Amino acid sequence: MPPVNGYSHAVAAVGTLVAVSGQVPLDASGALVGGRGPAGTPADPEAQVRQVFENLGAALTAAGAGWNDVAKLTVFLTDLADLPIFRAVRDEFVDTGRPPACSLVQVAALVHPEFRVEIDALAVVSG
């Protein structure tokens, strides 16, 4: 298989499956993070990706899982120019020595016009 950049080609796990729905760049109050500011200032893709990872972490914790339990991420980006930012932020959260499997898809748009990223996760918690 070809070399990878921060993900595993395959991950095997046994335990309880935790499926985390796609998380978007909204904070706990439902406010958009990293959107266009006053006078149309550009969106902040790093703030959006970071908020998505924080939301994923909160959902994992609520389900009794953690980042070391994540077996697979599915990433949706509206702009592939954000890929280096995604990779840098991802590497702050996942174990880069044992990264999860990952799929990444460029999409034309997400449910809100200012969302640049959405990520869902599958984790397996050992019993």
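Going by the structure above, here's the rest.
This write-up is about the structure you can find in this document. (Residues numbered from 1 in each chain as written. Predicted model: local features only at pLDDT ≥ 70, side-chain atom pairs only at ≥ 80, totals over all residues. Heavy atoms only, no water.)

### A few points about helix α2 (residues 83-93)
Within α2, burial applies to L83, F86, V89 and R90. Projected onto a plane normal to the axis of α2, the buried residues spread over an arc of 130 degrees and lie on a single side. Looking at α2, the residues exposed on the side facing more than 90 degrees away from the buried face are P84 and E92. Tucked into the core, α2 has its buried residues touching α1 (45-62), β2 (70-77), β3 (101-106) and β4 (117-125). (Buried < 20%, exposed > 50% of the residue type's maximum accessible area, 1.4 Å probe, protein only. Helix = DSSP H or I, 4+ residues; strand = E, 2+ residues; numbered from the N terminus. Arc of directions from axis to C-beta. Contact = heavy atoms within 4.5 Å.)

### Thoughts on the sheet that holds β2
Taken in spatial order, the four strands line up as β1-β4-β2-β3 in an open sheet, and their pairing is mixed. The sheet is open, and its two borders are formed by β1 (16-23) and β3, each paired with just one other strand. Ignoring which end each strand starts from, the neighbouring axes of this sheet average 10 degrees apart. In the packing of α1 onto the sheet, contacts are made with β1, β2 and β4, and the angle to β4 comes to roughly 30 degrees. (Pairing = 2+ DSSP bridges. Axes fitted to C-alpha atoms, helices over the stretch in contact; angles between N-to-C directions.)

### Some details on the pairing of β2
Burial within β2 is extensive, with six of its eight residues counted as buried. Two strands pair when backbone bridges link them, and β2 and β4 are joined in this way by seven bridges, in the antiparallel orientation. In the sheet register, F76 faces β4, and the bridge partner there is E118. Strand direction decides the pairing type here: β2 and β3, joined by six bridges, are parallel. By the bridge assignment for β3, F76 is matched with V105. Of the crossover connections in this fold, the one passing from β2 over α2 to the parallel β3 is right-handed. (Right-handed = clockwise from strand over helix to strand, strands pointing away.)

### Digging into α1
Helix length check: α1 (18 residues) gives 26 Å between terminal C-alpha atoms against 26 Å at 1.5 Å per residue, within 8%. Among the residues of α1, those classed as buried are P45, Q48, V49, Q51, V52, F53, N55, L56, G57 and L60. Packed against the buried residues of α1 are β1, β2, α2 and β4. Within two residues after α1, G64 carries a phi angle of roughly 80 degrees, on the positive side. (Expected span 1.5 Å × (residues − 1).)

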